[in-house]
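For reference, the chains in residue letters:
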Amino acid sequence: MIDSYHSMNTSEGSNPKSLLSRFLCIWSVLSILLLAVLLVIVLALIGSRHQSEGRNPLCASTCGRVCMGSTLAACYDKCYHGCTNPPKKPTSLLGGYLKRNAVQHIGLTVHDMKKALTFYTEILGGALVPKAGGHDFVGDGIFNTLFQNEELLAHERGEAFAQMRIADLRSGKDHLDAYYIHFGTVNIELLQYRPADAPSDSNHSLPYAHHSGSPSQINNQHIAFFLEDHVDANQFVDTMETECAKRGLNVRCNRIKRVESEAERVQVGHQKKYNSFTVKGNEFEGWTLAYCKGPDGEQLEFNKAIAKAQVDFDTALAHYLQSK
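Heads up: these notes are all about the structure in this document. (Residues numbered from 1 in each chain as written. Predicted model: local features only at pLDDT ≥ 70, side-chain atom pairs only at ≥ 80, totals over all residues. Heavy atoms only, no water.)

## Digging into the nonpolar core
Now for step 1: If you look at the biggest cluster of nonpolar residues, it comprises 27 residues, and the most contacted ones within it are Phe119, Tyr120, Leu190 and Met240.
Now for step 2: Broken down by secondary-structure element, the contributors of at least two residues to this core are helix 6 (113-123), strand 4 (174-182), strand 5 (187-195), strand 6 (222-226), helix 8 (233-246), strand 9 (287-293) and strand 10 (299-305).
Now for step 3: Examining the composition of this core, we find that 6 residues originate from one element, helix 6, more than from any other.
Now for step 4: Beyond its immediate stretch of four places on either side in the chain, Tyr120 contacts Leu108, Gly125, Gly126, Ile181, Phe183, Ile188, Leu190, Ile223, Phe225, Glu298 and Leu300.
Now for step 5: Formed by 12 residues, the second largest nonpolar core is a distinct cluster that contains Phe143, Met164, Ile166 and Leu169. (Core = buried A, V, L, I, M, F, W, Y, C linked by side-chain atoms within 4.5 Å. Buried < 20%, exposed > 50% of the residue type's maximum accessible area, 1.4 Å probe, protein only. Helix = DSSP H or I, 4+ residues; strand = E, 2+ residues; numbered from the N terminus. Contact = heavy atoms within 4.5 Å.)

Shown next as structure tokens:
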């Protein structure tokens, strides 16, 4: 029986078909490995040629995503060609002194610190920077740092600090509290100026000049948040307003449909199709934005950039990074 098994095993090993199949299997594996090596070499050569031609690889890498599913070869050609001749390296005087992520924070003076913290952490998901900022900033140094221009202007006009809406941190009559909320690449700094005898993290801020808060008013500023590409902006706005209302936060977003009352604005918002504006049919196609008022009346924007709009921003980013 042992001899018969040995004979059978020997006959299988010397079978030409068996040897051929093994050879083909080994050849297939080696072919795949060889193709992989050649692909790496080709990609490296292409990347080198792109850089020698002035083509920015970061910019060009966005074209496949933007033109995905497009039947027009012109879409890819136009996008790819737009990356071949980036502008010359900027000759800014001080740009080289700034970090790549140069915008570190956006400051916002609030009336009710507790509600502001709730909105920017619990609703929008920012992370509180635990040891940054602090309470009860007072003294000559901080006053001069923040208000020197306003103080000189008050002297020129003969007006008191209160008339100029200047917090009296110098004497300690007023205090300043500050928090930082981290959103990945940029922080939001929340500032509250309050009387010295008022508790911190409350709504006991200094009186401030009420104005319309219109985006067209001089010095009006807004904070813009980037939404994920897959997020429905109309649904996001409706969910945000609903969750804010549960927490007593007065957050209100505009509709693209004209309304005549607050009740109608709320009702239209629940339809989840009038809460955001999308650019269509031009070179900035794919830009979507919703405009809202935060809990202290601050102007907020929530936006998305896809398709052509994303190409514009990616190209600008590539050019900016080239200059660093």
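## Focus: the pattern of salt bridges
Now for step 1: Within the structure shown, the criterion is met by 13 salt bridges.
Now for step 2: A salt bridge links Arg170 to Glu151, with the shortest nitrogen-to-oxygen separation between them at 2.7 Å. With Arg170 in the loop between helix 7 (140-157) and strand 4 and Glu151 in helix 7, this pair connects stretches of sequence that are 19 residues apart.
Now for step 3: Residue Arg170 is classed as partly exposed on the basis of its relative accessible area of 32%.
Now for step 4: Between Glu243 and Lys246 there is a salt bridge, with the nearest N and O atoms lying 3.2 Å from each other. Of the two residues, Glu243 and Lys246 are both situated in helix 8; the distance of 3 residues between them amounts to about one turn of the helix. (Salt bridge = Lys/Arg side-chain N within 4 Å of Asp/Glu carboxyl O.)

## Regarding the state of the cysteines
Now for step 1: Enumeration according to the criterion identifies 1 disulfide in this entry.
Now for step 2: Cys244 carries a free sulfur, and the closest cysteine sulfur to it, the one in Cys253, is 8.1 Å from it.
Now for step 3: Note on Cys244: relative accessible area 0%, which makes it buried. (Disulfide = S-S within 2.5 Å.)

By themselves, these observations are geometric and do not establish any function.
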